[in-house]
Amino acid sequence: MEIIDAIILGVVQGLTEFLPVSSSGHLELGKAILGDSSVPKESLLFTVVLHFATALSTIVVFRKDVWSILKGVLKFEWNEDLQFISKIAVSMIPAVIVGLFFEEQLESLFGGNILLVGCMLIVTAILLFLADKAKDTQKKVSFGNAFIIGVSQAIAMLPGISRSGATISTSVLLGNDKTKAARFSFLMVVPLIFGKIAKDILGGELTYDTSNFTSLSIGFIAAFVAGLFACTWMIALVKKSKLSYFAIYCVIVGITAIIWSLL
């Protein structure tokens, strides 16, 4: 992979992991536009590295929250922090089930299926339009909400469905506070990313070639820096109910992808 390609894909991943426009969908579109010819395992390694970078950027942005939660959990009391961690665990259940039992079927959808990406981006746009019209509240995410949000996260494994868009929209439509919805959405994915990386490493599914070190490193840095910016920006946008702008963007990209796939 060329250096410029690694930078472009890294920035795309860093921005779209947090902005509600589907990182997986944009990576598929980016690979198609750049003519990515990597064999599946090499492509998987690069994708894993980019996701690891965005997970780290999430931890950096929410470092105070993460530290506070860890201190609260270590008190071994049924306090707000332990409840929050428990809700994160509940939210992971649907995605873990899909990952364990439907991994092959899911991976088969990531083969440059631009038509699917286009259709799913339009679904993302609809969710964002609906969420943007919801009234803001002070309600916290409940355990029941956490599971439903987890279902939306599992569905967002499809290329073109924005994970952040689906989970934040679902949370807001359930009547939760927009800021709390964004915080929960961004933190709930971190253990899943680390879990997936551990599974791929232990399962021997990742292959590494020293000749790819530069591309992987530059892609990682690009995704990390872009992720820091996008995560911070997205929190402010959700507060101000500006999701409709991203909905319009998803519609435009979605329709373009559909037309492109049919030509």
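Below is a summary of the structure that appears in this document. (Residues numbered from 1 in each chain as written. Predicted model: local features only at pLDDT ≥ 70, side-chain atom pairs only at ≥ 80, totals over all residues. Heavy atoms only, no water.)

Structural notes on the overall build of the chain
The condition is simple: Segments assigned H or I by DSSP are reported as helices when at least four residues long, segments assigned E as strands when at least two residues long, and all are numbered from the N terminus. Computation of the radius of gyration draws on C-alpha atoms, with the globule rule given as 2.2 Å multiplied by the number of residues to the power 0.38. Per-residue accessibility, obtained with a 1.4 Å probe over protein chains only, is compared with the maximum for each type, and a residue is labelled buried under 20%, exposed over 50%, and partly exposed between these values. Any two residues having at least one pair of non-hydrogen atoms within 4.5 Å are treated as being in contact. Surface accessibility follows the Shrake-Rupley procedure with a 1.4 Å probe radius. Residue values consider only the protein chains on display as shielding. Positive charges are assigned to Lys and Arg, negative charges to Asp and Glu, while His and the chain termini are left out of the count. Working definition for charges: the position is that of NZ of Lys, CZ of Arg, CG of Asp or CD of Glu.
Within the chain, the regular secondary structure consists of 13 helices and zero strands. Against the globule reference of 18 Å for 263 residues, the chain gives a C-alpha radius of gyration of 18 Å, in line with a compact fold. When the 263 residues of the chain are sorted by exposure, 46% land in the buried category. Expressed as a percentage of contacts within the chain between residues at least 6 apart in sequence, the contacts between residues at least 24 apart total 83%. Accessible surface, the chain: about 12,700 Å² in total, of which carbon and sulfur atoms supply 71%. Of the side chains in the chain, 20 bear a positive and 19 a negative charge, and the two mean positions are spaced by 14 Å.

Remarks on helix α7 (residues 114-132)
Heads up, the rule is: Expected helix span is given by 1.5 Å per residue-to-residue step, counting one fewer step than there are residues.
A rise of 1.5 Å per residue sets the reference length of α7, with its 19 residues, at 27 Å; its end C-alpha atoms lie 27 Å apart and thus fit the reference within 8%. Taken as a whole, α7 has its buried residues at Ile114, Leu116, Val117, Gly118, Met120, Leu121, Thr124, Ala125, Leu128, Ala131 and Asp132.

Some details on the pattern of salt bridges
Heads up, the rule is: The working definition used for a salt bridge is a side-chain nitrogen of Lys or Arg within 4 Å of a carboxyl oxygen of Asp or Glu.
This structure, assessed with the given rule, holds three salt bridges. Two residues, Asp65 and Arg183, come together in a salt bridge whose shortest N-O distance is 2.8 Å. Here Asp65, found in helix α4 (residues 63-73), pairs with Arg183, found in helix α10 (residues 178-188); they are 118 residues apart in sequence, far enough to count as distant. Of the charged contacts in the structure, one is a salt bridge between Lys140 and Glu80, with a shortest N-O distance of 3.4 Å. Of this pair, Lys140 sits in the loop between α7 and α8 (143-155) while Glu80 is found in helix α5 (residues 80-101), placing the two residues 60 residues apart along the sequence. For Lys140, a relative accessible area of 45% gives the class partly exposed.

Quick word on the nonpolar core
Short version of the rule: Think of a nonpolar core as a cluster: buried Ala, Val, Leu, Ile, Met, Phe, Trp, Tyr and Cys residues, connected wherever their side-chain atoms sit within 4.5 Å.
Counting 42 residues, the largest nonpolar core has Leu29, Ile168, Phe184, Phe186 and Met234 as the members making the most contacts within it. Beyond its immediate stretch of four places on either side in the chain, Ile168 contacts Ala181, Ala182, Ser185, Phe186, Met234 and Val238. Counting residues in hydrophobic clusters, the runner-up holds 10 residues, among them Ala6, Leu9, Leu27 and Ala53.

Quick word on a nonpolar patch on the surface
Just so we agree on the cut-off: Residues qualify for a patch when their relative accessible area is over 30% and they have no salt bridge, like charges being joined within 9 Å and the nonpolar side chains of Val, Leu, Ile, Met, Phe, Trp and Tyr within 5 Å.
Nonpolar side chains collect at one region of the surface, where Ile93, Val96, Ile97, Leu100, Phe101, Phe102, Phe147, Ile148, Val151 and Ile155 lie side by side and expose about 900 Å² of accessible area between them. Mapped onto the nonpolar patch, the elements with two or more residues apiece are α5 and α8. Looking at the nonpolar patch element by element, the count peaks at five residues for α5. Tracing the chain through its elements places Ile97 in helix α5.

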